[in-house]
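A look at the structure
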Amino acid sequence: MRKDLIAGNWKMHASHLDAIQMVQKLSYRLDLSDYERVDVVVCPPFTALRSAQTVIETDHLLIGLGAQNCHWEEKGAYTGEVSPEMLAKLSVSYVIVGHSERRQLFGELDDGVNRKVKAVLAHGMTPIMCVGETEDEREQGYTEEKVGSQVRLGLSGLDPDAVASLVIAYEPIWAIGTGKTASTDDAGQVASYLRGVVAEQWGDAAERVRILYGGSVKPGNIAGIMAKADVDGALVGGASLDPDTFASLIRYWV
Ligand code: PGA
């Protein structure tokens, strides 16, 4: 049985002081039964990780801590980068890897995404590897080819247990921050397709790997998305910044 996961990607929002309030407010709105049903994760910017960690540990919160990126090397002359080991030391348990904004705005390629996935796993954290097609690719019928290849290349060289332990986020690029959401059928279909891609190469790992949908997920559309058999949760950007909205989205069944 796969446990649902709802992760908030705060992107370049929230100072370390904002983060303290956001995590606390979110925690007031959730109770034990919510955490039993859904793994809840927040991914603040690097500069807010330490504060978020402190609140989570001091208040014994069941909110998981995630980062939005990392480098694949342990240490070295990589000005401006943050290593997986540094994140692991902050009790970070999830790292978003290969988000489309990283790929489109910062030139990340599948090979680097693959190295990052491996580095994150090597430090005992869970990668949330993002894949997704552009609007043009969808219109030209290349969605499956694009996301299938991103999954094969991003997870290349991993054994089935490693693949089973991680998270894939399907995020159509045209749906991110635009207010456009993939139809629940499209989201479900691509998630099923990706599970098939994993099955082809990693067998039973496909039954265990969690596949999320992301792209303009809101309290009003999450229930339909979560109802799809192969969708195991959501990666949420804009709607995760307001703790009230994020909490009502997490409690999508209420
Ligand atoms: P959005 O972002 O929910 O604001 O569309 C999703 C994401 O980029 O992870």
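It should be noted that the structure appears before, not after, this text.
Residues numbered from 1 in each chain as written. Predicted model: local features only at pLDDT ≥ 70, side-chain atom pairs only at ≥ 80, totals over all residues. Heavy atoms only, no water.

**A word on the site of the ligand**
Definition in use: Summary of the distance rule: residues count as near a molecule or strand when at least one heavy atom falls within 4 Å of that molecule or strand. We call two N or O atoms a polar contact when they sit within 3.5 Å, provided that within protein one can donate a hydrogen and the other can accept it, with sequence-adjacent residues counted only if both atoms are side-chain atoms. Surface accessibility follows the Shrake-Rupley procedure with a 1.4 Å probe radius. Residue values consider only the protein chains on display as shielding. For cavity detection a 1 Å grid was placed over the protein atoms alone, and a set of points counts as a cavity when a 1.4 Å probe fits there but cannot get out; an open set counts as a pocket when protein lies on both sides within 12 Å along at least five of seven lines, with lining residues being those that have an atom within 4 Å of a point. Think of it this way: a molecule belongs to a cavity or pocket when more than half its atoms come within 2 Å of the grid points there. The nonpolar class holds Ala, Val, Leu, Ile, Met, Phe, Trp, Tyr, Cys and Pro. Asp, Glu, Lys and Arg form the charged class, and all remaining residues, Gly among them, are polar.
Surveying the vicinity of the ligand reveals 13 residues, the closest of which are K11, H99, E171, G177 and S216. One of the side-chain nitrogen or oxygen atoms of K11 is found 2.8 Å away from an oxygen atom of the ligand. For the ligand, an oxygen atom lies 2.7 Å from a polar atom in the side chain of E171. Relative to its unbound accessible area of 280 Å², the ligand is 97% covered by the protein chains. In a pocket analysis with a 2 Å cut-off to the grid points, the ligand is assigned to the second largest pocket. Across the shell around the ligand, the residue classes tally to four nonpolar, seven polar and two charged.

**Here's the deal with unusual backbone geometry**
Heads up, the rule is: Helix and strand definitions follow DSSP, with helices as H or I runs of at least four residues and strands as E runs of at least two, each counted in order from the N terminus. When a residue's accessible area, from a 1.4 Å probe over protein chains only, is under 20% of the maximum for its type it is buried; when over 50% it is exposed; and in between it is partly exposed.
You will see that S91, though not glycine, has its phi angle at about 65°, which is positive. Residue placement: S91 occurs in the loop between α4 (84–89) and β4 (94–97). By relative accessible area, which is 37% here, S91 ends up partly exposed. The backbone of S216 shows a phi angle near 55°, a positive value even though the residue is not glycine. The residue S216 is located in the loop between β7 (210–214) and α12 (222–226) in this model. A relative accessible area of 9% places S216 in the buried class.

**As for the pairing of strand β2 (residues 38–43)**
Where we set the bar: Here, a strand pair is defined by DSSP locating no fewer than two bridges between the strands. When the strands point away from the viewer, a crossover counts as right-handed if the path from the first strand over the helix to the second runs clockwise.
Along β2, five of the six residues are buried, which leaves the element largely enclosed by surrounding structure. For β2 and strand β3 (residues 64–67), the ladder comprises two bridges, and the chain directions are parallel. Opposite V42, over in β3, you have L65 as the bridge partner. Tracing the backbone out of β2, into helix α3 (residues 46–58) and back to the parallel element β3 gives a crossover that is right-handed.

**Comments concerning the sheet that holds strand β1 (residues 4–9)**
Think of a sheet as strands paired side by side through backbone hydrogen bonds, with each pair either parallel or antiparallel. For the record, the criterion: Structural elements are reduced to axes, namely lines fitted to C-alpha atoms, with helices fitted over the stretch in contact, and the angle between N-to-C directions of any two is expressed from 0 to 180 degrees. Contacts are assigned to residue pairs with any non-hydrogen atoms lying within 4.5 Å of each other.
Here we have eight strands rolled up into a closed barrel, ordered β1-β2-β3-β4-β5-β6-β7-β8, and parallel in their pairing. In this sheet, adjacent strand axes meet at a mean angle of 25° when their direction is disregarded. By the bridge criterion, four bridges tie β1 to strand β8 (residues 233–236) in an arrangement that is parallel. If you follow G8 over to β8, its bridge partner there is V236. Of the strands in this sheet, β1, β2 and β8 touch helix α13 (residues 243–250), which is tilted by about 165° from β1.

**Quick word on the packing of aromatic side chains**
Filter applied, for reference: Here the aromatic set is Phe, Tyr and Trp, taking the six-membered ring for Trp, and pairing holds for ring centres within 6.5 Å; pairs whose planes are under 30 degrees apart are stacked, those over 60 apart are edge-to-face, and all others are tilted. Only when the NZ atom of a Lys or the CZ atom of an Arg is both within 6 Å of the ring centre and within 35 degrees of the ring normal do we say a charge sits over the ring.
Summed over the entire model, instances satisfying the criterion amount to two aromatic pairs. Seen from their ring centres, Y252 and W253 are 5.1 Å apart, and the 85° between their planes marks the pair as edge-to-face. By relative accessible area, which is 28% here, W253 ends up partly exposed. For R37, the ring lying beneath its charged end belongs to W253, and the centroid distance is 4.0 Å. Just above the ring of F106 sits the side chain of R102; from NZ or CZ to the centre is 4.2 Å.

**Comments concerning the packing of helix α6 (residues 110–122) against helix α8 (residues 143–154)**
We apply this condition: Oblique is the label for any angle not covered by the other classes, which are roughly parallel (under 35 degrees), roughly antiparallel (over 145) and roughly perpendicular (65 to 115).
Interhelical geometry of α6 versus α8 gives an angle of 50° and a closest axis separation of 8 Å. Comparing their axes, α8 and α6 come out oblique. Where α6 abuts α8, its residues D110, N114 and V117 lie against Q150, L153 and G154. Taken together, the residues of the contact of α6 with α8 break down into two nonpolar, three polar and one charged.

**Describing the nonpolar core**
Soluble globular proteins tend to pack their nonpolar side chains together in the buried interior. Rules: Nonpolar cores are built from buried Ala, Val, Leu, Ile, Met, Phe, Trp, Tyr and Cys residues. Side-chain atoms within 4.5 Å join them into one set.
Of all hydrophobic cores here, the largest spans 70 residues; its most connected members are L155 and I168. Per-element accounting of this core gives the leading share, seven residues, to helix α10 (residues 184–202).

**Digging into the environment of A182**
Here A182 is to be found in the loop between β6 (167–170) and α10. Overall, A182 belongs to the buried group, its relative accessible area being 4%. Separated by 102 residues in the primary sequence, A182 and G80 place their C-alpha atoms 35 Å from one another. Leaving out residues up to four positions away in the same chain, A182 has contacts with P172, W174, A175, A187 and Y213.

**Brief notes about the pattern of salt bridges**
Under the convention used in this document: Between Lys or Arg on one side and Asp or Glu on the other, a salt bridge is scored when a side-chain nitrogen of the former is within 4 Å of a carboxyl oxygen of the latter.
Under the defined criterion, the tally for this structure stands at 20 salt bridges. D232 serves as the salt-bridge partner of R2, at 2.9 Å between the closest nitrogen and oxygen. Of this pair, R2 sits in the segment before β1 while D232 sits in the loop between α12 and β8, placing them 230 residues apart in sequence. Taken individually, R2 and D232 each receive the classification buried, so the pair is uniform in this respect. Residues R115 and D111 are paired through a salt bridge, measuring 3.4 Å at the closest nitrogen-oxygen approach. Here R115 pairs with D111, and both are found in helix α6, just four residues apart, close to one helical turn. Given a relative accessible area of 40%, R115 falls into the partly exposed group.

Function-wise, these values are silent; they only describe arrangement.
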